[in-house]
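# A look at the structure
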Amino acid sequence: MLDLHLHSTFSDGTCTPEELVRQARELGVYGIALTDHDTTQGIHRFMEAGRACGVVTVSGVEVSADYSNGTMHILGYGLNPDDEALNERLQWIREGRRERNRIIHAKLERLGMPIPWTEVEACAGGDVIGRPHIARVLMQHGYVKDVREAFRKYLVRGKPAYEGRRRLKPADAVGMIVQAGGVPVLAHPSTLNAGGLDLREVVLGLVEAGLQGIEVFYPEHTQDMRRRFRKLAEAFDLVPTGGSDFHGALTPDLVIGRGFGNLDVEDAVLDRLLARRKKP
Ligand code: MN
Ligand code: MN
Ligand code: MN
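Residues numbered from 1 in each chain as written. Chains lettered and ligands numbered in written order. Predicted model: local features only at pLDDT ≥ 70, side-chain atom pairs only at ≥ 80, totals over all residues. Heavy atoms only, no water.

## Here's the deal with the sheet that holds strand β3 (residues 56-58)
Strand order in this open sheet of three strands is β1-β2-β3, and the pairing throughout is parallel. In this open sheet, the two strands that pair with only one neighbour each are β1 (2-6) and β3. Taking each pair of neighbouring strands and ignoring which way they run, the sheet shows an average axis angle of 20°. As paired strands, strand β2 (residues 31-34) and β3 are joined by three bridges and run parallel to one another. From the neighbouring strand, A33 faces β3, where its bridge partner is V58. Each of β1, β2 and β3 is contacted by helix α1 (residues 17-26), which is oriented at about 160° to β2, the strand it contacts most. Against the sheet, helix α2 (residues 43-53) engages β2 and β3, with an angle of about 165° to β3. (Pairing = 2+ DSSP bridges. Helix = DSSP H or I, 4+ residues; strand = E, 2+ residues; numbered from the N terminus. Axes fitted to C-alpha atoms, helices over the stretch in contact; angles between N-to-C directions. Contact = heavy atoms within 4.5 Å.)

## Describing the pairing of β1
Of all the five residues making up β1, five are buried; the element is thus mostly covered by neighbouring parts of the structure. For the segment spanning β1, α1 and β2, crossover handedness is right-handed. (Buried < 20%, exposed > 50% of the residue type's maximum accessible area, 1.4 Å probe, protein only. Right-handed = clockwise from strand over helix to strand, strands pointing away.)

## Observations regarding the coordination of the manganese ion (ligand 3)
Every protein donor of the manganese ion (ligand 3) is accounted for by H5 (NE2), H7 (NE2), E62 (OE) and D245 (OD), and the metal-donor separations fall at 2.1 to 2.2 Å. Along the chain, the residues donating to the manganese ion (ligand 3) are arranged with the sequence spacing H-x1-H-x54-E-x182-D. The distance between the manganese ion (ligand 3) and the manganese ion (ligand 1) comes to 4.7 Å. One end of the pair, H5, is in strand β1; the other, E62, is in strand β4 (residues 60-65), with 57 residues separating them in the sequence. For the pair formed by H5 and E62, the shared burial category is buried. (Donors = N, O, S within 2.8 Å, 3.2 Å for Na, K, Ca; no water.)

## Considerations on helix α3 (residues 84-110)
Each turn of an α-helix holds 3.6 residues, which means side chains three or four residues apart point in the same direction. A rise of 1.5 Å per residue sets the reference length of α3, with its 27 residues, at 39 Å; its end C-alpha atoms lie 40 Å apart and thus fit the reference within 8%. Within α3, burial applies to L86, L90, I93, R94, G96, R97, R100, N101, I104, H105, K107 and L108. Structurally, α3 contributes buried residues whose contacts are with β4, α4 (117-124), α5 (131-140), α6 (147-155) and α7 (170-179). Two residues or fewer after α3 comes G112, characterised by a positive phi angle close to 85°. (Expected span 1.5 Å × (residues − 1).)

## Topic: the pattern of salt bridges
What the rule picks out here adds up to 12 salt bridges. The shortest N-O distance in the salt bridge between R166 and E95 comes to 4.0 Å. Residue R166 is found in the loop between α6 and α7, and its partner E95 is found in helix α3; the two are separated by 71 residues along the sequence. Each of the salt bridges in this network shares a partner with another, and the network as a whole consists of D38, R97 and R165. (Salt bridge = Lys/Arg side-chain N within 4 Å of Asp/Glu carboxyl O.)

## A look at the packing of α3 against α5
Where α3 meets α5, the closest approach of the two axes is 11 Å, and the angle between their N-to-C directions is 25°. Relative to α5, α3 is oriented roughly parallel. The way α3 lies across α5 gives a crossing that is right-handed. Residues R100, N101, I104 and L108 of α3 touch α5, and the partners they reach there are R131, I134 and L138. (Parallel < 35°, antiparallel > 145°, perpendicular 65-115°, else oblique. Left-handed = near helix turned anticlockwise from the far one by under 90°.)

## A closer look at the sheet that holds strand β6 (residues 183-186)
The five strands lie next to each other as β4-β5-β6-β7-β8, forming an open sheet whose pairing is mixed. Each edge of the open sheet carries a strand with a single partner, namely β4 and β8 (239-242). Across this sheet, the average inter-strand angle for adjacent strands is 35°, counted without regard to direction. Bridging between strand β5 (residues 72-77) and β6 involves four bridges; their strand directions are antiparallel. Each bridged residue has a counterpart across the sheet, and for I74 the counterpart in β6 is L186. Across the sheet, helix α9 (residues 223-235) touches β7 (213-217) and β8, and the angle it forms with β7 is around 160°.

Dropping the structure here:
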C-alpha cells in the first residue's frame, strides 16, 4: 500500500511530517510521499522520520499551474529538496500567495467579515498560508457553517473574496521538477474539467514537457474516472500513481493509504515511478 499525496503543517495539513510517518506505520502503509504545496521545507524531517520508523518516504512537492478551464496541479517526486533553482521558484510562488492572502483578507473585511490575521497564521502553523486556513477562521467566527461553505460562497473563482495568484506555466512547472531531479506527475486530472479529446490534448502538452505520471488513484475519482485515466496513462506511457491528498483534520474522512477506503495503490508503482528520474 502506497500513499503518494500527503500534506503536512509545512503547507495546509494539520499533521507534522513525523505524525504522518507515524500514522502510516500504524496503518501498515509501505511507502508515502510528502507533497506540500509550494515548499520542500518539511522534506528533511519527513525523510528522517521514515528512516527511524521503517516507512519508505519519498520527497515531493505539489505546485499549481496556470490553466484556465479548471485546476491543474503538478506533483514532483524524488526531487532534491535543497535544489537552489527549485527553491527560488517556490519562494517566488509563496510570495505571490502572501500577496494574494492580503487581498483576500481586505475583501473579506469589505464584505463585513473581518478576521484577525494572527488567527489565520495560528491556524496554518507553518509557512504556507492558504484559503483552507482562511476558511477555517471564517467558520470559527460563525460567518459560515463549515470550510466547504466558505469556499463555495466566498473563496472560489467567481466569488466575491476570490483573488488569483502567481502561477507557473504548465510546461515550466514540469520542467522545474525535472531540473530538480524529480519525476513530474499530473495530480487529480478530474479537476482539469476536461473530457475526451481535450484531456488528451492537455496531457500530450505536458508529456512533451517531460511528464512521467498521472494520478489515477484518488479519493474523489469514480471507478469510471480511474478506468479513463488508466487508459490515458497507458496511451502515453505514464506511470499510474495515486494518493489520498490527506490534510489531517481538514480532511477528517480520509485515511492515509486508504483514502475513503478503496485507494489501492500497489507498492510496485513506487519503483516504476522513481525509475523515471532523469540521470544527472
Ligand atoms: Mn491543500
Ligand atoms: Mn491538489
Ligand atoms: Mn494536494
